[in-house]
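Examination of the molecular architecture
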Amino acid sequence: AQTVTQSQPEMSVQEAETVTLSCTYDTSESDYYLFWYKQPPSRQMILVIRQEAYKQQNATENRFSVNFQKAAKSFSLKISDSQLGDAAMYFCASRGAASKLTFGTGTRLQVTL
Amino acid sequence: KAGVTQTPRYLIKTRGQQVTLSCSPISGHRSVSWYQQTPGQGLQFLFEYFSETQRNKGNFPGRFSGRQFSNSRSEMNVSTLELGDSALYLCASSLDIGSGNYGYTFGSGTRLTVV
């Protein structure tokens, strides 16, 4: 079984600043994938970034990057140059061989002027 | 390219009734998964369908069921509704059941309220 833990229920960042959202996971599988999803008030879960566990290199998508520490089972999301549109719930998720997503409890990100 | 379409967007039902929710995946996607989202339990996996066959099932009672049609559209059904079934039900489609590389694309969900 996989578990995902997000220890920060809420975070706040000023516009244009950088913020890091934490995520730890636990799995007994050797082949798995990790994801960060964003859920704005519109409710749709939007894929932000994904990481294959077998890849050493940290994934990057424009202003979004991850710090994947496989030994520590840590998968944090860094948002650079934060924008008002980044305000949302952010969910960390993992997927193993069973091809189902296991989600964390989410972090609500507030972006202030 | 059209996204994942879930209908209806909102639904109000009475305890004891049954409900059917619909999900149309992205064209070409053959895998459809369903998730329940509640404030108390968070996001929980219900089931996954691929080529009209249920491939995975979460830990939900038998009142929750689903199916997938030959065009990959999927429906989930909840019978004998309980107040605790009030939730946002999200559908996600994927190109291939075993391919994490493709990720999952979610719909906007159906908000079910049981009164």
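So, here is what we can say about the structure in this document. (Residues numbered from 1 in each chain as written. Chains lettered and ligands numbered in written order. Predicted model: local features only at pLDDT ≥ 70, side-chain atom pairs only at ≥ 80, totals over all residues. Heavy atoms only, no water.)

Right, let's talk about the pairing of strand 8 (residues 64-69) of chain A for a bit. All names here are of chain A. Here strand 7 (residues 60-61) pairs with strand 8 via two bridges, running antiparallel. Across the sheet, Thr60 pairs through a bridge with Ser65, a residue of strand 8. In this antiparallel pair of consecutive strands, strand 7 and strand 8, the connection spans two residues, and Asn62 shows a positive phi of 55°. With six bridges connecting them, strand 8 and strand 9 (residues 74-79) associate as antiparallel partners. By the bridge assignment for strand 9, Val66 is matched with Leu77. Hairpin geometry of strand 8 and strand 9 is characterised by an intervening segment of four residues between the two adjacent antiparallel strands and by a positive phi of about 55° at Lys73. (Pairing = 2+ DSSP bridges. Helix = DSSP H or I, 4+ residues; strand = E, 2+ residues; numbered from the N terminus.)

All names here are of chain B. Read across the open sheet, the four strands follow the order 1-3-8-7; overall the sheet is antiparallel. Edge positions in the open sheet fall to strand 1 (5-7) and strand 7 (64-68), since each of these has one partner strand only. Ignoring which end each strand starts from, the neighbouring axes of this sheet average 15° apart. Across three bridges, strand 1 lies against strand 3 (residues 19-24) in antiparallel orientation. Within strand 3, the residue paired with Thr5 across the bridge is Ser24. (Axes fitted to C-alpha atoms, helices over the stretch in contact; angles between N-to-C directions.)

Further remarks concern the interface of chain A and chain B. A common measure of how large an interface is: the accessible area buried when the components associate. Tallying the contact residues gives 18 residues for chain A and 24 residues for chain B. Note on chain A versus chain B: buried area summed over both sides is about 1800 Å², and carbon and sulfur give 46% of it. At the boundary of chain A with chain B, the tally comes to zero salt bridges. Taken together, chain A and chain B are joined by seven residue pairs in polar contact (both at pLDDT 80 or more). (Contact = heavy atoms within 4.5 Å. Buried area = accessible area lost by both parts, 1.4 Å probe. Salt bridge = Lys/Arg side-chain N within 4 Å of Asp/Glu carboxyl O. Polar contact = N/O pair within 3.5 Å; in protein donor to acceptor, adjacent residues only side chain to side chain.)

With that out of the way, let us pick up unusual backbone geometry. All names here are of chain B. In this chain, Thr7 is followed by Pro8 through a cis amide linkage whose omega measures -10°. Its location among the elements puts Pro8 in the loop between strand 1 and strand 2 (10-13). Despite not being glycine, Ser51 has its phi angle at roughly 50°, a positive value. Within the secondary structure layout, Ser51 lies in the loop between strand 5 (42-50) and strand 6 (53-57). On the basis of relative accessibility, which here comes to 33%, the residue Ser51 falls in the partly exposed class. For Glu52, which is not glycine, the phi torsion reads 70° and is therefore positive. (Buried < 20%, exposed > 50% of the residue type's maximum accessible area, 1.4 Å probe, protein only.)

Residues and elements named next belong to chain A. By the definition in use, this model includes 14 aromatic pairs over all chains. With a centroid separation of 6.1 Å and 35° between ring planes, the pair formed by Phe35 and Tyr37 is classed as tilted. For Phe35, a relative accessible area of 0% gives the class buried. Of the residues examined, Tyr37 reaches a relative accessible area of 0% and is grouped as buried. (Phe/Tyr/Trp six-rings, centres within 6.5 Å; stacked < 30°, edge-to-face > 60°.)

Now for the state of the cysteines. According to the stated counting rule, one finds two disulfides over all chains in the structure shown. For Cys23(A), the disulfide goes to Cys92(A), at an S-S distance of 2.0 Å. In this structure, the disulfide formed by Cys23(A) and Cys92(A) twists by about -70° around the S-S bond and is classed as left-handed. You can see Cys23(A) sitting in the loop between strand 3 (19-21) and strand 4 (24-26) and its partner Cys92(A) sitting in strand 10 (residues 88-95), a full 69 residues away along the chain. The same class applies to Cys23(A) as to Cys92(A), namely buried. Disulfide pairing places Cys23(B) opposite Cys91(B) at an S-S distance of 1.7 Å. One quick way to see it: the torsion about the S-S bond of Cys23(B) and Cys91(B) is about -55°, and its sign makes the bridge left-handed. Of this pair, Cys23(B) sits in strand 3 while Cys91(B) is found in strand 9 (residues 87-94), placing the two residues 68 residues apart along the sequence. (Disulfide = S-S within 2.5 Å.)

A separate point is the pattern of salt bridges. A full pass over the atoms with the stated rule returns seven salt bridges over all chains. For Arg63(A), the salt bridge goes to Asp86(A), with nearest N and O atoms at 2.8 Å. Placement of Arg63(A) in the loop between strand 7 and strand 8 and of Asp86(A) in the loop between strand 9 and strand 10 is noted, with a sequence separation of 23 residues between them. Judged on exposure class, the residue Arg63(A) and its partner Asp86(A) are both buried. For Arg73(B), the salt bridge goes to Glu75(B), with nearest N and O atoms at 3.3 Å. Residue Glu75(B) is classed as buried on the basis of its relative accessible area, which comes to 16%. Salt bridges sharing partners connect three or more residues here, namely Arg63(B), Glu82(B) and Asp85(B).

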